[in-house]
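Overview (structure and organization)
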Amino acid sequence: MSQYIERYQRRKLISSYFSVVLSIALVLFLLGTLGLLVLNTKKLADHFKEQITISVFLKDNAKPVEIDQLQKSLTLAEYTKSADYISKEDAAEQYSEDIGENFVEFLGYNPLKNSIDVHLKADFVSPEQIAEIAEDLAAKTYVDEVSYDKPLISLLNDNARKISLWILVASAIFTVIAVLLINSSIRLSIYSKRFIIKTMQMVGATKTFIRRPFIWQNIKLGMVGAAVALISLGILVYYINKNFPELNLLQDYMVLIFLFVGVFGLGVLISWASTHFATQRFLNLRTDDLYY
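Described in the following lines is the structure provided in the data block. (Residues numbered from 1 in each chain as written. Predicted model: local features only at pLDDT ≥ 70, side-chain atom pairs only at ≥ 80, totals over all residues. Heavy atoms only, no water.)

1. Here we look at the packing of aromatic side chains
For the structure shown, the criterion picks out one aromatic pair. Aromatic pair Y79 and F124: ring centres 6.4 Å apart, planes at 65°, arrangement edge-to-face. Within this pair, whereas Y79 is found in the loop between helix 3 (64-76) and strand 2 (80-86), its partner F124 is found in the loop between strand 3 (115-120) and helix 6 (127-138), the two being separated by 45 residues in sequence. Assigned by exposure class, Y79 and F124 land together as buried. (Phe/Tyr/Trp six-rings, centres within 6.5 Å; stacked < 30°, edge-to-face > 60°. Helix = DSSP H or I, 4+ residues; strand = E, 2+ residues; numbered from the N terminus. Buried < 20%, exposed > 50% of the residue type's maximum accessible area, 1.4 Å probe, protein only.)

2. Topic: a nonpolar patch on the surface
Residues L30, L165, W166, V169, I173, F174, I177 and L181 make up a contiguous nonpolar surface patch of roughly 750 Å² in combined accessible area. For the nonpolar patch, the element with the most residues is helix 7 (residues 150-191), which contributes seven residues. Position of I177 relative to the elements: it lies in helix 7. (Patch = residues over 30% accessible without salt bridge, like charges linked within 9 Å, V, L, I, M, F, W, Y side chains within 5 Å. Areas by Shrake-Rupley, 256 points an atom, 1.4 Å probe, with all protein chains shown as cover. Salt bridge = Lys/Arg side-chain N within 4 Å of Asp/Glu carboxyl O.)

3. Notes on the sheet that holds strand 1 (residues 53-58)
Taken in spatial order, the four strands line up as 2-3-1-4 in an open sheet, and their pairing is antiparallel. The open sheet is flanked by strand 2 and strand 4 (143-147), the only strands paired with a single partner. Across the sheet, the mean angle from the axis of one strand to that of its neighbour is 20°, orientation sign disregarded. Those strands touched by helix 3 are strand 1, strand 2, strand 3 and strand 4, and its axis lies near 160° from that of strand 2. In this fold helix 6 packs onto strand 1, strand 3 and strand 4, with an angle of close to 170° to the strand it touches most, strand 4. (Pairing = 2+ DSSP bridges. Axes fitted to C-alpha atoms, helices over the stretch in contact; angles between N-to-C directions. Contact = heavy atoms within 4.5 Å.)

Structure below.
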């Protein structure tokens, strides 16, 4: 009978530890994911900004030397990420593939123009800067037209600011929720041992002596939960980097180290603080109050 009770108590203890570790791991993984998003918000915004294209259409009488000189000057410009020359023949071939028929044969001539597609660096993607760049390019005598999507640029900049703000707000809210969830899990595990705490106190043990094993035990559980969360977060980072290599998540390894250390430290800190205040609460309760 005593062996059965002992096995039951052991299973109950293991189940309690498992629930604490699982709750800590899930909450820290969520916080780590939000932290990853916060730290890479600008990188994500920059990635979308750099998809904006300025198309510089050239006149038919533009000389090859002028086109070559323009492309080289654009490539070397401080605002340019890349500048690609697209001949009217290549443009016609691509457009024919898109619409599914050869419009050149139908029309009898190619109405498209030679062009240079300019992808800008993210820091220069704003309505004012792009308008200034387009104005300078349009002033050249061999440039027929400079085209870009003005509404998209304004929308992109506005949404980038809004998304950054809401991500910060969501991160703050989820951080508070995470602390409360971990605190609740640890308090429940200590609640089941409230009579042991009071018994130790009644036989003369000091509060520090009583708290120490509980704090150390839950810190270890916090470390295990943080380790599980970091492994899951590492898998997520690897998956994102593999499927979206243009984000270069692994390139900024110092940011990832900072994030991982922060998540691990947060798990330990919350575990320590929650255990300290939970044990303190039961130490300050009267014996009669333990039954409620």
